[in-house]
Amino acid sequence: MYHSTRSVTEQLTAKSAVLAGIAPDGGLYVTDDLSELRFDLSDITSKDFRGIARQVLGRLFDDYADEEIAECVDAAYGSTFDSPAVTPLVPVGDDYVLELFHGPTSAFKDVALQMLPQLMSHARRDGERIMILTATSGDTGKAALAGFADTPGLGIAVFYPQGGTSDIQRLQMTTQEGGNVSVCAIEGNFDDAQSGVKKLFVDTALHDELADAGVRLSSANSINIGRLAPQITYYFDAYAQLLRAGAIELGDEVEFCVPTGNFGDVLAGWYARELGLPVARFIVASNANDVLTDFFATGAYDRNRPFFRTISPSMDILISSNLERLIYYMGGGDAAYVNGLMEDLARDGRYEVRPDIMDAIRTLFAAGSADDDATRAEIAACRDEHGYVLDPHTAVAVRVARDLPRTTGAKARIILATASPYKFAADVCEALDIRADAAAPFDCMRALEDATGTAAPRPLSALEGATERFDDGIAPEQMRAYVVRACKEATWE
Ligand SMILES: N[C@@H](CCOP(=O)(O)O)C(=O)O
């Protein structure tokens, strides 16, 4: 059963938690006693990606029948990824890069957002209409649109920060087809978009108004446990790939370095560890928005700081929602304590975690940050040293990992590659000193292809000349009215 990080009174089945997205008190759904759900390592790592996905989802979402989970996995990972491995692991220097960008929108979000619509479709009752509200700093939005477009009974509204994504990321979203989709720029940053969405989730008057039209709200962000859980799969699968390559032996510990914004991706790794994956340490890598780096150093989470727009825009985030789940678990499941911290955050923009909890957290997590200059330098260095082209988010992680020696006991280090460099062609060209007009994204794509001998993913190059359907831009206060309209205008069946 699932309950809020902020209270334990309401207990929900997995299907209900997935459909709800976020708890009515603003908390995130969690399940207790993860240790009872641990896998036999030899068994789970003997499976391929799809087999691991079936195991992970079947265990965490036990009210889905085995056949339902199998149908979800086949639909999500049957033919939608351009690599037979789904998330291939590639050696780069002394480390490994886990390429999570082989899905339809060239970002790691595809792994979960090809799955979430399947999970929701199986949980939804006949006739029920669900509007998925999504805040994005660039990658989640398109991956959610691609996953939910024209899915019966489900609609989707995506909010992105105006000017806060790469040109390609914006075009991916504004050209999206489907009768159940809407895309809107917000005057503000990702935090404004996500806070706006969270406000709507706890707006009971809005819920009543939409209920009269037969619509309820849910989320495609990693605050939704149905979005987070599918990401656990690739941690186990990366380990399985290392075993098959003979790079480690069963039981050896590894470490992961994860480029981080909303803390969902790295938290999925932590769940994998709780479920039995031998992980010595997680490295949390941030860009200049280094609120997490400071948190791990000091125990104080303080969002009262300048917000930077960087060349790794998907990580331009100062409110890392999923940290709430980690604190809940590392604090021994004390929902009242978490509730108090979240009240501090809402009131003062900061909270401070108890030293004993921080000590426990620091045994497992290290953190570091890289600004734009360091990111560009890393893109260039990795190409020079290994002939491998990084996207800016992955480059942040590689740079942070470079500065931290591998922890004792870890037999291999895996860096999560979260997006294709072609989504950020202009910045990657600049970093690699490739001559191209930064204001012309498709010229940059071609220049990057010519200079590196790699090919842009077809869905990205096909954006050239595509018709932009959405040019709405609103203030955060107008999000409520926008959602009401989106619900009225969506084609539901
Ligand atoms: N990095 C995301 C922002 C939201 O994170 P999520 O994992 O909670 O969806 C993005 O690129 O949109």
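Predicted model, so just to flag it, every value in this text is computed and none were measured.

A. Focus on the packing of helix α13 (residues 264-274) against helix α15 (residues 323-330). Interhelical geometry of α13 versus α15 gives an angle of 30° and a closest axis separation of 9 Å. It follows from the interaxial angle that α13 and α15 lie roughly parallel. The residues of α15 that touch α13, namely those facing L267, W270 and Y271, are R325, L326, Y329 and M330.

B. Highlighting unusual backbone geometry. Of note in this structure, D150 is not a glycine but carries a positive phi near 55°. Positive phi outside glycine occurs at F263, with the angle close to 70°. Classification of F263 by relative accessible area gives buried; the value is 1%.

C. Looking closely at the sheet that holds strand β8 (residues 215-219). With respect to topology, five strands assemble into an open sheet ordered β8-β5-β6-β7-β15, the strand pairing being parallel. A single partner strand is all that each edge strand has here, and the edge strands are β8 and β15 (473-474). Where strand β5 (residues 129-135) and strand β6 (residues 154-161) come together, six bridges link them in parallel fashion. In the sheet register, T134 faces β6, and the bridge partner there is V158.

D. Quick look at the UniProt feature "domain: Tryptophan synthase beta chain-like PALP" (unreviewed entry) in the protein. The UniProt entry lists residues 98-413 under the feature "domain: Tryptophan synthase beta chain-like PALP" (unreviewed entry), expressed in the numbering used here. The annotated region residues 98-413 carries 46% helix and 18% strand content, and the separation between its end C-alpha atoms amounts to 10 Å.

E. Structural context of helix α12 (residues 232-244). Taking 1.5 Å per residue as the helical rise, α12 with its 13 residues ought to reach 18 Å, and the 19 Å between its terminal C-alpha atoms agrees with that figure. Of all 13 residues in α12, 11 are buried; the element is thus mostly enclosed. Considered for burial, the residues of α12 that qualify are I232, T233, Y234, Y235, F236, D237, A238, Y239, A240, Q241 and L242. Directly beyond the C-terminal end of α12, a positive phi value near 75° is found at G246.

F. Molecular detail of the packing of aromatic side chains. Under the definition given, this model contains 21 aromatic pairs. Where Y271 meets Y329, the ring centres are 5.6 Å apart and the plane angle is 85°; that geometry is what we call edge-to-face. With a gap of 58 residues between them, Y271 in helix α13 and Y329 in helix α15 connect regions that are remote in the sequence. With respect to class, Y271 is no different from Y329; both count as buried. A cation over an aromatic ring shows up here: K15 above the ring of Y64, its NZ or CZ 5.0 Å from the ring centre. Over the aromatic face of Y337 sits the side chain of R354, whose NZ or CZ is 4.9 Å from the ring centroid.

G. Region of interest: the environment of L277. Here L277 is to be found in the loop between α13 and β10 (279-286). A relative accessible area of 2% means that L277 is categorised as buried. L277 sits 195 residues away from D82 along the chain, and the two C-alpha atoms are 27 Å apart.

H. Main features of the pairing of β6. For β6, a buried count of eight out of eight residues is recorded, marking the element as mostly surrounded by other parts of the structure. Residues L154, I156, V158 and Y160 point to one face of β6 and G155, A157, F159 and P161 to the other, with burial holding for every one of them. The β-α-β motif built from β5, the intervening helix α7 (residues 139-148) and the parallel element β6 has right-handed crossover chirality. Once you follow β6 into helix α8 (residues 167-174) and on to strand β7 (residues 181-186), the crossover reads as right-handed.

I. Quick look at a negative patch on the surface. On the surface, D66, E67, E71 and D74 cluster together to form a negatively charged patch. Its place among the elements puts E67 in helix α4 (residues 66-77).

Cut-offs applied
- All residue numbers refer to position in the chain's written sequence, counted from 1.
- Local features in this predicted model are restricted to residues whose pLDDT is 70 or higher, and side-chain atom pairs enter the listing and the counts only when it is 80 or higher, whereas totals over whole chains, interfaces and linings include all residues.
- To get the side-chain values, all heavy atoms of the structure are used, and hydrogens and water are removed first.
- Axes, fitted as lines to C-alpha atoms, cover a helix only where it is in contact. Angles between the N-to-C directions of the axes lie from 0 to 180 degrees.
- A helix here means a DSSP run of H or I that spans at least four residues, while a strand means a run of E at least two residues long, and both kinds are numbered starting from the N terminus.
- Oblique is the label for every angle not falling under 35 degrees (roughly parallel), over 145 degrees (roughly antiparallel), or within 65 to 115 degrees (roughly perpendicular).
- Residue contacts are defined here by distance: any two heavy atoms, one from each residue, within 4.5 Å place the two residues in contact.
- Accessibility here uses a 1.4 Å probe with only protein chains present; expressed as a share of the type maximum, an area under 20% marks a residue as buried, one over 50% as exposed, and anything in between as partly exposed.
- Paired strands are those between which DSSP finds at least two bridges.
- UniProt positions are given in the numbering used here, feature names are shortened, and annotations may be inferred rather than shown by experiment.
- Expected span of a helix, by definition, is 1.5 Å for each gap between consecutive residues, and there is one gap fewer than residues.
- Only rings of Phe, Tyr and Trp enter the pairing, Trp through its six-membered ring, and a pair is recorded when the two centres are within 6.5 Å. The plane angle decides the type: under 30 degrees is stacked, over 60 is edge-to-face, the rest tilted.
- Two limits define a charge over a ring: the Lys NZ or Arg CZ must be within 6 Å of the ring centre, and within 35 degrees of the ring normal.
- Look down the strands so they point away from you; if the path from the first strand over the helix to the second goes clockwise, the crossover is right-handed.
- Patches draw on residues past 30% relative accessible area with no salt bridge. Two like charges within 9 Å are joined, as are two nonpolar side chains (Val, Leu, Ile, Met, Phe, Trp, Tyr) within 5 Å.
- Residue-level accessible areas treat just the shown protein chains as cover; the underlying method is Shrake-Rupley with a 1.4 Å probe.
- Salt bridges are defined as contacts in which a side-chain nitrogen from Lys or Arg sits within 4 Å of a carboxyl oxygen from Asp or Glu.
- In this charge count, Lys and Arg are treated as positive and Asp and Glu as negative; neither His nor the chain ends contribute.
- Charge positions are represented by NZ for Lys, CZ for Arg, CG for Asp and CD for Glu.

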